[in-house]
Amino acid sequence: MANNNQQNQAKTASGTSIQHVKQQNAQQNQQQQYGAEYASETSAQHVKQQNAQSAAKKNQQNQQQQ
(Lines give C-alpha, C1' and ligand atoms only; values in the text may rest on other atoms or scores of the structure.)
Protein backbone atom coordinates (compact mmCIF):
# COMPACT_ATOMS: atom_id res chain seq x y z
CA MET A 1 0.00 0.00 0.00
CA ALA A 2 2.84 2.39 0.81
CA ASN A 3 4.30 1.68 -2.62
CA ASN A 4 1.04 2.72 -4.30
CA ASN A 5 1.05 6.00 -2.37
CA GLN A 6 4.57 6.75 -3.60
CA GLN A 7 3.53 6.08 -7.19
CA ASN A 8 0.43 8.25 -6.82
CA GLN A 9 2.50 11.11 -5.40
CA ALA A 10 4.65 11.08 -8.54
CA LYS A 11 1.61 11.83 -10.69
CA THR A 12 -0.99 14.57 -10.77
CA ALA A 13 -4.68 13.89 -10.27
CA SER A 14 -5.05 13.53 -14.04
CA GLY A 15 -2.25 10.95 -14.17
CA THR A 16 0.51 13.16 -15.57
CA SER A 17 4.01 12.19 -14.48
CA ILE A 18 5.43 15.07 -12.44
CA GLN A 19 9.03 14.02 -13.14
CA HIS A 20 8.36 13.91 -16.89
CA VAL A 21 6.91 17.43 -16.84
CA LYS A 22 9.90 18.71 -14.85
CA GLN A 23 12.26 17.21 -17.44
CA GLN A 24 10.31 18.79 -20.31
CA ASN A 25 10.35 22.16 -18.56
CA ALA A 26 14.10 21.94 -18.00
CA GLN A 27 14.70 21.12 -21.68
CA GLN A 28 12.45 23.96 -22.80
CA ASN A 29 14.26 26.44 -20.55
CA GLN A 30 17.61 25.38 -22.03
CA GLN A 31 16.31 25.84 -25.58
CA GLN A 32 14.88 29.27 -24.80
CA GLN A 33 18.13 30.34 -23.20
CA TYR A 34 20.06 29.28 -26.30
CA GLY A 35 17.64 31.14 -28.56
CA ALA A 36 17.89 34.32 -26.52
CA GLU A 37 21.67 34.06 -26.42
CA TYR A 38 21.86 33.54 -30.19
CA ALA A 39 19.52 36.45 -30.88
CA SER A 40 21.52 38.78 -28.68
CA GLU A 41 24.67 38.00 -30.68
CA THR A 42 23.04 38.67 -34.05
CA SER A 43 23.20 42.18 -35.46
CA ALA A 44 20.02 43.00 -37.34
CA GLN A 45 21.81 45.72 -39.28
CA HIS A 46 24.53 43.30 -40.36
CA VAL A 47 21.95 40.74 -41.52
CA LYS A 48 20.09 43.42 -43.51
CA GLN A 49 23.34 44.49 -45.14
CA GLN A 50 24.19 40.90 -46.09
CA ASN A 51 20.69 40.38 -47.50
CA ALA A 52 20.98 43.54 -49.59
CA GLN A 53 24.36 42.46 -50.95
CA SER A 54 23.00 39.03 -51.78
CA ALA A 55 19.98 40.50 -53.57
CA ALA A 56 22.20 42.87 -55.57
CA LYS A 57 24.48 40.01 -56.59
CA LYS A 58 21.50 37.87 -57.60
CA ASN A 59 20.06 40.72 -59.70
CA GLN A 60 23.43 41.23 -61.37
CA GLN A 61 23.68 37.53 -62.23
CA ASN A 62 20.15 37.51 -63.61
CA GLN A 63 20.94 40.51 -65.86
CA GLN A 64 24.10 38.83 -67.17
CA GLN A 65 22.17 35.67 -68.06
CA GLN A 66 19.61 37.58 -70.15
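Residues numbered from 1 in each chain as written. Predicted model: local features only at pLDDT ≥ 70, side-chain atom pairs only at ≥ 80, totals over all residues. Heavy atoms only, no water.

(A) Geometry of the overall build of the protein chain. Within the protein chain, the regular secondary structure consists of 3 helices and 0 strands. Within the protein chain, buried positions represent 0% of all 66 residues. Here the protein chain displays about 6300 Å² of accessible surface, and carbon together with sulfur accounts for 45% of that area. (Helix = DSSP H or I, 4+ residues; strand = E, 2+ residues; numbered from the N terminus. Buried < 20%, exposed > 50% of the residue type's maximum accessible area, 1.4 Å probe, protein only. Areas by Shrake-Rupley, 256 points an atom, 1.4 Å probe, with all protein chains shown as cover.)

(B) Representation of the confidence of the model for the protein chain within the structure. Looking at the protein chain as a whole, its pLDDT mean stands at 77, while 71% of the residues score no less than 70. Mean pLDDT across the elements of the protein chain bottoms out in helix α1 (residues 2-9) (50) and peaks in helix α3 (residues 44-65) (89). (pLDDT = per-residue confidence, 0-100.)

(C) A look at the environment of His-20. Position of His-20 relative to the elements: it lies in helix α2 (residues 18-40). As a C-alpha pair, His-20 and Ala-10 span 10 residues in sequence and 9.6 Å in three-dimensional space.

(D) Fine view of the environment of Ser-17. Structurally, the position occupied by Ser-17 is in the loop between α1 and α2. Every residue in contact with Ser-17, bar those within four places of it in the chain, is listed here: Ala-10 and Lys-11. A polar contact of 3.2 Å, which involves the side chain of Ser-17, links it to the backbone nitrogen of His-20. (Contact = heavy atoms within 4.5 Å. Polar contact = N/O pair within 3.5 Å; in protein donor to acceptor, adjacent residues only side chain to side chain.)

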